[in-house]
Amino acid sequence: MPSADGVKCVVWDLDGTLWDGVAVERADSGLPEVRPDMLAAVDTLAGHGVLSSIASRSAPEVLERVARDPRLASRFLAPRISWQDKSDALRAIAAELGVAVGSLLLVDDSPYERAEVEALLPGVRTAAPQDVPALLDALSGRPVTPEARARAGLYRTEEARRRAGERFEGDREEFLRWCGMRMEAGAAGGAELPRALELAERTHRLNSSGLDREQARVLVERGGHRLFTARMTDRFGDYGVIGMALVRPGPAEWSLPLLALSCRIAGRGASVAFLRWLMEQARSAGADRFALDLRPTEANTELRLLFRQAGLRADAGGPAPSTVTLSRTLHGDLPPWPAWLRVRPLPIGTTP
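## Looking at the overall build of the protein chain
Within the protein chain, the secondary structure is distributed over 13 helices and 13 strands. Its C-alpha atoms give the protein chain a radius of gyration of 22 Å, within 12% of the compact-globule value 20 Å for 352 residues. Long-range pairs, those at least 24 residues apart, make up 71% of the contacts in the protein chain with a sequence separation of at least 6. Summed over its atoms, the accessible surface of the protein chain is roughly 15600 Å², and 52% of this surface lies on carbon and sulfur atoms. In the protein chain, which carries 46 positive and 47 negative side-chain charges, the distance between the mean positions of the two groups comes to 6 Å.

Below is the structure:
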């Protein structure tokens, strides 16, 4: 059984996996009986914040049958049912969900299909249906945050935002204003620590240094660091905690070993708003400089561009060979607030 670490979505085959038999061979327009143990596994995964999708090589009309079945439509996001290769379907699922292809795990009864995905998508893990109990065992005992339990619903809300954006008559900034986005930032309360550590572990695209959950936890518990978080809401609902910053405050400089944000808020101004808020807090506390650790990767290019636009430049080196320290003075202009995003800058010591 492959490792469950970093799996954000399990993609299920249908025929021979989610049910016995072949759906397209049925004489009626129904579906075979879904295996109860597989539906239970999907629900258990959802309780741990792991999404489920479908990739099946079958006739496209089977997708319509799945969409009409409330048990299936409510459990599976971004399903793909067609005669295309499984590797193509997995790429499309990852793109629609906004996750890395390497965070997918395919459950398929066909050794050929698993081999095709492993060959063309080397980062994707695969498993046979009989491996599912071991996958669930690997997840048991892990801390589960409210955001994790609600993750499937958050993605459905995101789909509603996307559809509204497609219908909206205006440009991107006008749409974001219409969404009525609000962000609150402040010192993290104890209940927010698990979610903050989850962000450190799950997000790669908007992660500055790549510290894992355990490394971040040690720094928080060791003392000398403060943890700040940001939340967002809009007219569609609550995003929950979408950002975390691990800060080492000093009299002359505030330094950040880690800044991590949810990929779901990319392109909405939350990254620059949270960064600006942190800089303001540092300046209000009397610091002259602001610094953060950066481990450049192919995944975090977007965040690196943000840091450059915010005036952060590389120092001589960082705390590790693959890490550099970026810094800037806090005198002069700070990055501008996004015009469409209302920010509630809570005072330090206030839990958002």
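## Overview of the sheet that holds strand β3 (residues 80–82)
Whenever strands of a sheet pair, they do so through backbone hydrogen bonds, lying parallel or antiparallel. Taken together, five strands build an open sheet; the order of strands is β3-β2-β1-β4-β5 and the sheet is parallel. Pairing within the sheet leaves two strands with one partner each, and these edge strands are β3 and β5 (125–127). Recorded for the sheet is a direction-independent mean angle of 20° between the axes of neighbouring strands. Taken together, the three bridges between strand β2 (residues 51–57) and β3 define a ladder with parallel strand orientation.

## Some points on helix α10 (residues 193–202)
In terms of burial, α10 is largely enclosed, as seven of its 10 residues are buried. Residues of α10 that are buried: Arg195, Ala196, Leu197, Glu198, Leu199, Ala200 and Arg202. Its buried side turned inward, α10 meets α7 (146–149), α8 (151–167), α11 (213–222), β7 (226–234), β8 (237–249) and β9 (253–261).

## Quick word on the packing of aromatic side chains
Inspection of the entire model under this criterion finds seven aromatic pairs. Residues tryptophan 178 and phenylalanine 236 carry aromatic rings whose centres are separated by 6.0 Å and whose planes lie at 70° to one another, so their mutual orientation is edge-to-face. Note that tryptophan 178 is positioned in helix α9 (residues 172–179) and phenylalanine 236 in the loop between β7 and β8, a separation of 58 residues in sequence. What links up through ring pairs into an aromatic cluster is the set Phe168, Phe175, Trp178 and Phe236. Over the ring of tyrosine 239 we find arginine 161; its NZ or CZ atom is 3.9 Å from the centre of that ring. If you follow arginine 235 out to its NZ or CZ, it ends over the ring of tryptophan 178, 4.0 Å from the centre.

Procedures and definitions
- Residues numbered from 1 in each chain as written.
- Predicted model: local features only at pLDDT ≥ 70, side-chain atom pairs only at ≥ 80, totals over all residues.
- Heavy atoms only, no water.
- Helix = DSSP H or I, 4+ residues; strand = E, 2+ residues; numbered from the N terminus.
- Rg over C-alpha atoms; globule rule 2.2 N^0.38 Å.
- Contact = heavy atoms within 4.5 Å.
- Areas by Shrake-Rupley, 256 points an atom, 1.4 Å probe, with all protein chains shown as cover.
- Lys, Arg positive; Asp, Glu negative; His and termini not counted.
- Charge placed at Lys NZ, Arg CZ, Asp CG, Glu CD.
- Pairing = 2+ DSSP bridges.
- Axes fitted to C-alpha atoms, helices over the stretch in contact; angles between N-to-C directions.
- Buried < 20%, exposed > 50% of the residue type's maximum accessible area, 1.4 Å probe, protein only.
- Phe/Tyr/Trp six-rings, centres within 6.5 Å; stacked < 30°, edge-to-face > 60°.
- Lys NZ or Arg CZ within 6 Å of the ring centre and 35° of its normal.

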